[in-house]
Amino acid sequence: MEDKKNKKTRRDFLKAGLAFGAGSLAGVGLFSTIDGVKAETGKLAKVLTADGKIMEVDTSHLKEFGKKTEQDLQKRGRKGIAGRKWTMVIDLSKCRNARMCMAACQSAHELKPEQHHINVLAMQDAEKTAPFFMPKPCQHCDNPPCTKVCPVDATFKRSDGIVLIDNERCIGCRFCIAACPYSARIFNWSEPKVAADDREYDVELNVPQKRGTVSKCLFSADQLRDEKMPYCASACPNGVYWFGDMNEDAVTNGTTKETVRFSELIKNNAGYTLLPELGTKPSVYYLPAKDRLFEFNLNGKTTLDNNEHV
Amino acid sequence: MNHEALPKEESKQLFEKIQTDLFAPLSKHYGFTAWIVVLATVLITAAMAYFIQLRDGLGVTAMRDIVSWGLYISTFVFFVAVSLVGMLISAVLGLLKIPGITPITRIAELIAIAFVMMAGAIIVFDMGRPDRLLNVFLHGRIQSPIVWDITVITTYIVISLLLLILPLIPDMAIMRNRFKDAPKWQVMIYKILSLGFAGLPEQKKIIYKSMRTLSILIIPVAFGIHTVTSWLFAMTLRVGWDSTIFGPYFVAGAFPAGVGAMAIALFVFRNSYNLKEYITEKHFDLVGKLLVLTSLLYLYFNLNEFLVPGYKMKTADGHHLEMLFVGKYALLFWFVQIFGLILPIVLLLFKKMRKPFPMLIIGVFVVIGAFLKRFIIVAPTLEHPFLPVQNVPEHFMVYWPNGFEWAITMGAISIALLILTILAKVIPIMPVWEIALEKGVREEELEEAYKNN
Amino acid sequence: MKHIKNTISLSVLLLMFATFVQAQAWEIPDGEKSKTNPLELNAANSEKGFEVYQKNCKSCHGDVGAANFMPLVPPPTDLGSAAFKTANTDGEIFYKMTTGKGAMPSFKAVLSDDERWAVIAYLRAGDKTDATVDKNAKLSIVANPDDKSISASITTKDATGKEVKLVGADIEISIKRIFGNLTIGKGKTNATGAFSVNLPEDLPGDSLGKATIIVVAKRFKQEEKIEIDWATPSKHHDLTAQASIWGTSANAPWWIMLLYIGIAGSVWVVIIYIVLQILKIARLAKKNV
């Protein structure tokens, strides 16, 4: 056991040494590490080992240090961020339909104007009830109807609660779109806004988008990886979004950066989830539109017609 | 089902006549070329449409994020429904020993095979990434109804093929011996498919026993294919699909669709193959009665499926039903219910209506009704999700299939008809040996015909 | 080129419109104008106002006096600018906060009267509160695992250079969370020069019960951190660890596998048997020859 551990450390050390060698001696200008799967090129590069020897290594074994391959991205992307359980609280009393969230989201995920990972809806529950604006991202359900039906494991739920879509796996059957009661999923019906070039596909950002595959809100899993708040939450000018880790029982406001206890925020403001009768167990909570910051105003209208909110 | 054996000479003449009649379509081609040209034209148009769809993506169709399943999926369900007839005629009626069904069993099997195969194919036409079809096998997820559907469709195809091949073995043996002067490749095919059948008692026993086993086995598998297909919808939370009776509702709906298609096929083969002596008015009467019975069953399920939520009018259910009953889908809905279901039931109660020509007309209405019914099961539900549809272009909110979808769907239908046409051209449309036995041809006559020499 | 021209002319138009909107006077009733701040202009009120400002105003108006407001059209006012402060009476500012106009929301339902007046107290006081910083102040923390308390105190040196504990100094104790610090207690040091809070039992640390406690004495520009390992360990319920219908194929429930394999398997056993039987027909034929 002890031996094995030592061996591993030694190997890691050697790797680091090689990396250093490649950077300094081969004049690549980049830090590189070993990657044993590519075909050999026959070109040799000099590298410095940990014990000070200079060795030659085939250039195909060199890889930019720190740069993640698609496989690395897939592996960590499918697993989730350890120990976290992400949650979002959306305060409807603060939303005035500024749509900064939608814009930030669309630009981060290279979406067309009609494609929404998050969509601000004008809602009115019944004829006489008050209308309100409701940002609607994916609810990242704990009993997700979408991942249930996927035939190829292309959409899946991670340990941190995020539901992702792997557009390298997706076959485009659109069963998940049919299964989602929140209409949170979109499809790339034609070429995406930004073509898929040779960029590494990051499953946590779902970029580059690909034709014939499904896309959806990812709770900005790539941002969370860097301990940053989701694109939408950071972009909101009105303090609508609270985001945090339910395991820490804390959420932070994307606008004011104020941190409060998740449980108290929900308790004191009568937080609720969307369509609870469906048993989907969302990770997104809503605070009712009480004591509003802004009056409801949709293109000058202060109430909705019957056919506008159903 | 051996009838009283005929005198020797008479039996010989009868057997010869049966063979002449049933093998005739293999060489005589009334309007065959014209029919193939029609199908090929549709097919070429469809191929061009599919090529563009492959090149430019599913965006060429009218489907969008809200209504993301459309004509393709509803056609898929329709094809699956039509294919049920194979099980109904050859298994259920066969096991129940309904007299005189032998001449129509093979037609039923051919319809089943042609349409269930295209059901599998049209799913591929609907895929955003058909190039990744293999993922279903590489990364198949056992919890997904799509994986169950693929399994059960494959199983149904295999069982239907076996049910086609088994009674074909003695026929092939007869043809192998009869058409010795045919082109070499043809003789070769007969030889292979006859499996050296020589009328040995053990060989005959295997055929009888295997057919019986398969006839029983296909019943649960056929229930499975319709039930699992219904689960593609019922396993979601969507209004109009989220129903516990969807499985039996689909099974019940498949019966009239298949029987309607059967009525059309019987009429066409009877006339174009000149088989009036074999496909008689009695058969149309039987099919007509079957259609009444199955339609009544389907009507009962429709009553449950629409009256129960319609009585309560829960919020989302209410919007959905309003759209069907009095809204934008009302015309389709009532056309389907009246012309595809209620009127056929009423008309077919009269014996006059169970004659060949009226049966053809009623069959056409039932089949068109079945096709449209599948469409209004798929599209209206998607058009009306739980949350309002906003901030998307106007054409996202409504759905009506466009030219590409119609072309590709028609292409799929024409491939199914092509499969049916070609199969009905290269193999006798009825099991010759079974017909002969039924009509009283002596066993030894058949033994002679089977003999491998 | 044409596109650029259009954009420019559009922006100019927008700007003109914006100035027009801005130029439109915000009519304030005389009775409101003459109202004065009922709150005393002291450090406590100013600090309270600062907190309200941070949560409700800063996102648009930016830091007071820094002119780093959001680039909106029309632009929000820098509330620390002399121009704003001289042009508006307390009553006017109060009225504007209360009613709102255009992009400026109404805080009538969101902030209490006192809170709104406190913001005005803060705006009027400016940064005066920070003028006197005790260079000798030193913040220290004691974390006690026994009663799960965190105690902070501030010492300074008196005229003789002797270390003394400060009484009545403002302290804020918070716990580090992923995106920010969560306040667990706020108050003044007591007669013994300490301020202490108990870490709530239901406020978890990480999975091992570790947490970072941050203590801030803003008046003294002091901030200290301490790592504790006796917080309630957080419980992570990893849903993906168990078998489920929605899980990946690796997490399929046993009963669904049983159903699938059982049903499909038994049907296929029969099919294979039939195929073998059919092949037997050919074998029998060969035997016969």
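Since the model is a prediction, treat every value here as computed from it, not as a measurement.

## Regarding the overall build of chain A
For step 1, the next point in the chain: Counting its secondary structure elements, chain A contains eight helices and 15 strands.
For step 2, the next point in the chain: Restricting the contact set of chain A to residue pairs at least 6 apart, pairs at least 24 apart contribute 59%.

## Describing the overall build of chain B
For step 1, the next point in the chain: Scanning chain B for helices and strands turns up 18 helices and zero strands.
For step 2, the next point in the chain: For chain B, whose C-alpha radius of gyration is 24 Å, the value lies close to the compact-globule estimate of 22 Å for 453 residues.
For step 3, the next point in the chain: Overall size of chain B, expressed as C-alpha extent along the three principal axes, is 80 × 50 × 40 Å.
For step 4, the next point in the chain: Burial analysis of chain B (453 residues in total) assigns 50% to the buried set.

## Regarding helix α2 (residues 32-56) of chain B
Residue and element names in this part refer to chain B.
For step 1, the next point in the chain: Taking 1.5 Å of rise per residue, 25 residues should cover 36 Å, and α2 covers 36 Å from first to last C-alpha, within 8% of that figure.
For step 2, the next point in the chain: Turning to α2, its buried residues are L39, A46, A49 and Q53.
For step 3, the next point in the chain: For α2, the secondary structure elements touched by its buried residues are α16 (403-426).
For step 4, the next point in the chain: G57 sits one or two positions beyond α2 and adopts a positive phi of about 95°.

## Here we look at the interface of chain C and chain A
For step 1, the next point in the chain: At the junction of the two partners, chain C supplies 28 residues and chain A supplies 35 residues.
For step 2, the next point in the chain: Those elements that provide at least two residues to the side of chain C that touches chain A are α3 (43-56), α4 (58-61) and β5 (180-188) of chain C.

## Quick notes on the packing of helix α13 (residues 315-325) of chain B against helix α15 (residues 356-383) of chain B
Residue and element names in this part refer to chain B.
For step 1, the next point in the chain: Contact geometry for α13 and α15: axes closest at 10 Å, N-to-C directions at 130°. Here α13 is positioned oblique relative to α15, judged by the angle of their axes. For the crossing formed where α13 meets α15, the hand is right-handed. Mapping the contact onto sequence places H320, M323 and L324 in α13 and I376, P380 and T381 in α15.
For step 2, the next point in the chain: Class assignment of the residues belonging to the contact of α13 with α15 gives a composition of four nonpolar, two polar and no charged.

## Concerning unusual backbone geometry
Residues and elements named next belong to chain A.
For step 1, the next point in the chain: The omega torsion across V207 and P208 is 0°, close enough to zero to call that bond cis.
For step 2, the next point in the chain: Backbone geometry at H140 places phi at a positive 45°, although glycine is not the residue there.
For step 3, the next point in the chain: Structurally, the position occupied by H140 is in the loop between β7 (132-136) and α4 (145-149).
For step 4, the next point in the chain: Of note, L275 is a non-glycine position whose phi angle comes to about 45°, a positive value.
For step 5, the next point in the chain: Tracing the backbone through its elements, the reader meets L275 in the loop between α8 (262-268) and β15 (284-287).

## Focus: the environment of A173 of chain B
For step 1, the next point in the chain: When you line up the elements, A173 of chain B lands in helix α8 (residues 168-178).
For step 2, the next point in the chain: Along the backbone, A173 of chain B and S194 of chain B are 21 residues apart, and their C-alpha atoms lie at a distance of 5.0 Å.

## Notes on the nonpolar core
For step 1, the next point in the chain: F79, V85, I111, M262 and L266 of chain B are the most contacted members of the largest nonpolar core, which has 239 residues in total.
For step 2, the next point in the chain: Beyond its immediate sequence surroundings of up to four residues, L266 of chain B is in contact with I104, I107, I279, H283, F284 and V287 of chain B.
For step 3, the next point in the chain: Membership of the second largest hydrophobic core comes to 20 residues, among which are V64, I93, Y95 and V119 of chain C.

## Quick notes on the interface of chain B and chain A
For step 1, the next point in the chain: The interface is formed by 39 residues belonging to chain B together with 39 residues belonging to chain A.
For step 2, the next point in the chain: Contributions of two or more residues to the side of chain B that touches chain A are made by α6 (135-138) and α7 (145-165) of chain B.
For step 3, the next point in the chain: For the side of chain B that touches chain A, the element with the highest residue contribution is α7 of chain B, accounting for three residues.
For step 4, the next point in the chain: Its residues assigned to classes, the side of chain B that touches chain A shows 19 nonpolar, 13 polar and seven charged.

## Topic: the pairing of strand β8 (residues 222-228) of chain C
Residue and element names in this part refer to chain C.
For step 1, the next point in the chain: In the sheet, strand β7 (residues 211-217) pairs with β8 via seven bridges, with the strands oriented antiparallel. Bridge assignment links V215 to a residue of β8, and that residue is E224.
For step 2, the next point in the chain: Hairpin connection from β7 to β8: four residues lie between these consecutive antiparallel strands, with K221 at a positive phi of about 50°.

## With respect to helix α5 (residues 102-126) of chain B
For step 1, the next point in the chain: Along its 25 residues, α5 of chain B runs 38 Å from first to last C-alpha, staying within 8% of the 36 Å computed at 1.5 Å per residue.
For step 2, the next point in the chain: By the criterion of burial, α5 of chain B is predominantly enclosed, with 22 of the 25 residues buried.

## As for the pairing of strand β5 (residues 86-91) of chain A
Sheet faces and side chains relate simply in a regular strand, where the side chains alternate between the two faces.
Residues and elements named next belong to chain A.
For step 1, the next point in the chain: Taken across its six residues, β5 has six buried, putting it largely inside the fold.
For step 2, the next point in the chain: Alternating positions in β5 separate into two faces, W86, M88 and I90 on one and T87, V89 and D91 on the other, with burial throughout.
For step 3, the next point in the chain: When β5 meets β15, the two strands line up parallel, connected through four bridges. Pairing of V89 across the sheet is with Y285, part of β15.

## With respect to the packing of helix α10 (residues 201-234) of chain B against helix α8 (residues 254-288) of chain C
For step 1, the next point in the chain: At a minimum axis distance of 10 Å, the contact between α10 of chain B and α8 of chain C shows a crossing angle of 160°. Classified by the interaxial angle, the pair formed by α10 of chain B and α8 of chain C is roughly antiparallel. Read as a crossing pair, α10 of chain B and α8 of chain C show a hand that is left-handed. Facing E202, Q203, I206, S210, T213, L214, L217 and V221 of chain B of α10 of chain B, the residues of α8 of chain C in contact are V267, V270, I274, Q277, I278, K280, I281 and L284 of chain C.

## Quick notes on the environment of I228 of chain C
Residue and element names in this part refer to chain C.
For step 1, the next point in the chain: Tracing the backbone through its elements, the reader meets I228 in strand β8.
For step 2, the next point in the chain: For I228 and T212, which are 16 residues apart along the polypeptide, the C-alpha to C-alpha distance reads 6.3 Å.
For step 3, the next point in the chain: Contacts of I228, omitting those with residues within four sequence positions, involve A143, K210, A211 and I213.

## Considerations on the confidence of the model for chain A
Residue and element names in this part refer to chain A.
For step 1, the next point in the chain: For chain A, per-residue confidence averages 84 on the pLDDT scale, and 79% of positions sit at 70 or higher.
For step 2, the next point in the chain: Averaged pLDDT values over the elements of chain A bottom out at 38 in strand β1 (residues 32-34) and peak at 98 in β15.
For step 3, the next point in the chain: Note on residues 1-38: pLDDT is under 50 here. Beyond four places in sequence and across chains, it has 55 contacts.

## Overview of the environment of L195 of chain B
For step 1, the next point in the chain: Along the chain, L195 of chain B turns up in the loop between α9 (184-194) and α10.
For step 2, the next point in the chain: Once the C-alpha coordinates of L195 of chain B and A173 of chain B are considered, the two residues, 22 residues apart in sequence, prove to be 8.0 Å apart.
For step 3, the next point in the chain: Every residue in contact with L195 of chain B, bar those within four places of it in the chain, is listed here: I169 of chain B together with I278, I281, A282 and A285 of chain C.

Conventions used here
Residues numbered from 1 in each chain as written. Chains lettered and ligands numbered in written order. Predicted model: local features only at pLDDT ≥ 70, side-chain atom pairs only at ≥ 80, totals over all residues. Helix = DSSP H or I, 4+ residues; strand = E, 2+ residues; numbered from the N terminus. Contact = placed C-beta atoms within 7 Å. Rg over C-alpha atoms; globule rule 2.2 N^0.38 Å. Buried ≥ 20, exposed ≤ 12 C-beta atoms within 10 Å, placed from the backbone. Expected span 1.5 Å × (residues − 1). Axes fitted to C-alpha atoms, helices over the stretch in contact; angles between N-to-C directions. Parallel < 35°, antiparallel > 145°, perpendicular 65-115°, else oblique. Left-handed = near helix turned anticlockwise from the far one by under 90°. Nonpolar A, V, L, I, M, F, W, Y, C, P; charged D, E, K, R; others polar. Core = buried A, V, L, I, M, F, W, Y, C linked by C-beta atoms within 7 Å. Pairing = 2+ DSSP bridges. pLDDT = per-residue confidence, 0-100.

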